[in-house]
Amino acid sequence: MDRTIPYKIYLSEEELPRAWYNVKAHMKRQHPPFLDPKTGKPCPREALERVFCSECVDQELNETDERIAIPEEILSFYRMFRPSPLVRAYFLERMLDTPAEIYYKFEGNNTSGSHKLNSAAAQAYYAKKQGLAGVTTETGAGQWGTALAMAAAFFGLKLDVFMVKVSYEQKPFRKEVMRTYGANVIPSPSDTTEAGRRILKAFPGTGGSLGCAIAEAVETAQNRESCRYVLGSVLDHVLLHQSVIGLEAKAALEKYGVDVDMVIGCMGGGSNFGGLIAPFMGEKLMGRNDIEFVGVEPASCPSLTRGKYAYDYCDSAQMTPLAKMYTLGCGFMPSPTHSGGLRYHGMSPVISQLYADGYLRAVAVEQKRVFDAAVAFARCEGILPAPESAHAICAAMDEALACKRTGKKKRILFGLTGTGYFDMTAYKQYNDGTMSDSSPTEEELERGFASIPRVPAAD
Ligand SMILES: *Cc1c(COP(=O)(O)O)cnc(C)c1O
């Protein structure tokens, strides 16, 4: 094995990026603004500020500054788990017997187990700085709730997490981690909100849904003084915070003079992929590289590969403003797969715009193949990946095997977003041979598309 490049490339604490990278500063076309669903007109800034922290709104609307400084308080929190390692996947390369070089950026080295802590830290800090007493959010699979609980504890912020009831019951340890960090975890639907009570009355015994949990979190935030609702993906400011992944990866590769040919990431709402590709994409937009960008989604929830580019609600409760994005329709119900973090009907407006303009490619992969890849990866590289992350592994392995057939020596970078210790029910199904694949039929897609709102014409 040629080891001129170390197995793990670590940056030092001093090399931690001091500013996030705003790819929008280089985009030829910006994505269209949020619309107010009632008027069809762009949402005024004040409307956004009633929901989100002011600094996050500034970042959300910033289309000009390439670099946005990371405040010292956030940097000191980042130092607990960053810089994260960039790994040269020598053992995976050997197992695949490929001429390709494979690198992965590992974001699972913190208690929450995923990259979500990068944005949770920033959003909790800005909420505290604005003088807020607390924030609310929802969580499905539990990764976002856990990350935000850690950040809220660190910055001394009260946190209420509405957790989809089925997850609350199926993942009791996720809930316990959040409670250990001081969060108040409420199974949704609950009787603490109007929205929850309405659902409970209409569907007694329901296991809940993300849409309902969002509705409860938003309602609670709006009824409390000094409280805001925070979101862990999709939005531009979340992608901005996640750019720390791409910046570190780029700096580590530059240390060894490695130019990658391809960057691959899994996509739920698009935040880790958007953050990983940001600085590489910025340079591509300036004509300085010709990197191929590949986003990977589950075949069961294929928003880029089979969705429509349209204005849609960000949540199934239809409470949010409308965003222009690739979407399966806010009423689309993905089949229950094991990659909870990728089951989102839409896609980040930034990623959607870049995709529409031809700057990135998307692939959809089936669940069983994803777990084949996850298990192969765990056995040779040692890390037990989150099912979400395994989508990127699967695509990276496909690309490396294509290199073996063509003899091309591509350099592939992929994002390994997290660990899978709380997903052992999924691994059990795989090991027992009871896991199945599912993709929506055309009829199911049509039913989802029918829920895309008709946007009133702005006058
Ligand atoms: C939430 C999550 C994802 C998907 O979210 P994005 O916003 O698309 O990055 C991917 N991997 C893990 C481990 C997650 O927790």
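Residues numbered from 1 in each chain as written. Predicted model: local features only at pLDDT ≥ 70, side-chain atom pairs only at ≥ 80, totals over all residues. Heavy atoms only, no water.

Visitor: Can you walk me through the site of the ligand in this structure?
Guide: Of all residues adjacent to the ligand, which total 18 residues, the nearest are Lys116, Ser233, Gly268, Ser271 and Asn272. In this structure, His115 approaches the ligand through a side-chain N or O atom, which is 3.0 Å from an oxygen atom. The side chain of Ser233 places a nitrogen or oxygen atom 2.5 Å from an oxygen atom of the ligand. When the ligand is considered free in solution it has 380 Å² of accessible area, and contact with the protein chains removes 98% of it. In terms of residue class, the shell around the ligand is built from 4 nonpolar, 12 polar and 2 charged. (Near = heavy atom within 4 Å. Polar contact = N/O pair within 3.5 Å; in protein donor to acceptor, adjacent residues only side chain to side chain. Areas by Shrake-Rupley, 256 points an atom, 1.4 Å probe, with all protein chains shown as cover. Nonpolar A, V, L, I, M, F, W, Y, C, P; charged D, E, K, R; others polar.)

Visitor: Where do I start with the pairing of strand E10 (residues 262–266) in this structure?
Guide: Each regular strand carries side chains that alternate between the two faces of the sheet. Among the 5 residues in E10, 5 count as buried, and that is most of the element. Crossover connection from E10 via helix H12 (residues 271–285) to parallel strand E11 (residues 292–298): handedness right-handed. Of the pairings in the sheet, the one linking E10 to strand E15 (residues 411–416) comprises 3 bridges and is parallel in character. Paired with Val263 across the two strands is Leu413, which belongs to E15. (Buried < 20%, exposed > 50% of the residue type's maximum accessible area, 1.4 Å probe, protein only. Helix = DSSP H or I, 4+ residues; strand = E, 2+ residues; numbered from the N terminus. Right-handed = clockwise from strand over helix to strand, strands pointing away. Pairing = 2+ DSSP bridges.)

Visitor: Quick question: what am I supposed to make of the sheet that holds strand E1 (residues 8–9) here?
Guide: Picture the strands of a sheet paired through backbone hydrogen bonds; they go either parallel or antiparallel. The strand order E1-E4-E5-E15-E10-E11-E14 describes an open sheet built from 7 strands, whose pairing is mixed. Here the strands that pair on one side only, and so sit at the sheet edges, are E1 and strand E14 (361–365). Sheet strands in contact with helix H11 (residues 236–255) are E1, strand E4 (86–88), strand E5 (101–106) and E15, and its direction is about 135 degrees off that of E5. Of the strands in this sheet, E10, E11 and E15 touch H12, which is tilted by about 155 degrees from E10. (Contact = heavy atoms within 4.5 Å. Axes fitted to C-alpha atoms, helices over the stretch in contact; angles between N-to-C directions.)

Visitor: Sorry if this is basic, but what is going on with the sheet that holds strand E9 (residues 227–229) here?
Guide: Across the sheet, which stays open at both edges, the 4 strands sit in the order E8-E7-E6-E9 with parallel pairing between neighbours. Only two strands of the sheet have a single partner each, and these edge strands are strand E8 (184–188) and E9. Sheet twist, expressed as the average angle between the axes of neighbouring strands with direction ignored, equals 20 degrees. Here strand E6 (residues 134–139) runs beside strand E7 (residues 158–164); their pairing, made up of 6 bridges, is parallel. Bridge pairing in E7 places Thr137 opposite Val161. Running over the sheet, helix H6 (residues 143–155) touches E6 and E7 and is turned about 160 degrees from E6.

Visitor: Hey, could you run me through the pattern of salt bridges in this one?
Guide: Side-chain pairs of opposite charge can arise where the charged atoms are in close proximity. One pass over the structure, following the stated rule, counts 29 salt bridges. The partner of Glu292 in a salt bridge is Arg361, with the nearest N and O atoms 2.8 Å apart. Of this pair, Glu292 sits in strand E11 while Arg361 sits in strand E14, and the two are 69 residues apart along the sequence. A relative accessible area of 28% places Glu292 in the partly exposed class. Here Arg361 ties to Glu399 by a salt bridge, and the two come within 3.1 Å at their closest N and O atoms. Of this pair, Arg361 sits in strand E14 while Glu399 is found in helix H16 (residues 387–406), placing the two residues 38 residues apart along the sequence. When its relative accessible area of 31% is taken as the criterion, Arg361 is described as partly exposed. Overall, the relative accessible area of 16% leaves Glu399 in the buried class. Residues joined by salt bridges that share partners form a network here, namely Arg82, Lys105, Glu107 and Glu248. (Salt bridge = Lys/Arg side-chain N within 4 Å of Asp/Glu carboxyl O.)

Visitor: Any chance you could explain the state of the cysteines here in plain terms?
Guide: Disulfide: a covalent bond formed between the sulfur atoms of two cysteine residues. The final tally for this structure, using the stated rule, is 0 disulfides. The structure places no disulfide on Cys56, whose sulfur is separated from the nearest cysteine sulfur, that of Cys53, by 5.0 Å. For Cys56, a relative accessible area of 2% corresponds to the buried category. Residue Cys403 stays outside any disulfide, its sulfur separated by 15 Å from that of Cys394, the closest cysteine. What makes Cys403 buried here is its relative accessible area of 3%. (Disulfide = S-S within 2.5 Å.)

Visitor: So what exactly am I meant to see when it comes to the packing of helix H2 (residues 54–61) against H11 here?
Guide: Where H2 contacts H11, the two axes come as close as 8 Å, and the packing angle between them is 85 degrees. If you check the angle between H2 and H11, you find them roughly perpendicular. Seen from H2, the contacting residues are Cys56, Gln59 and Glu60; seen from H11, they are Asp236, His237, Leu240 and His241. Broken down by class, the residue content of the contact of H2 with H11 amounts to 2 nonpolar, 3 polar and 2 charged. (Parallel < 35°, antiparallel > 145°, perpendicular 65-115°, else oblique.)

Take it as geometry only, folks, not as evidence of what the structure does.
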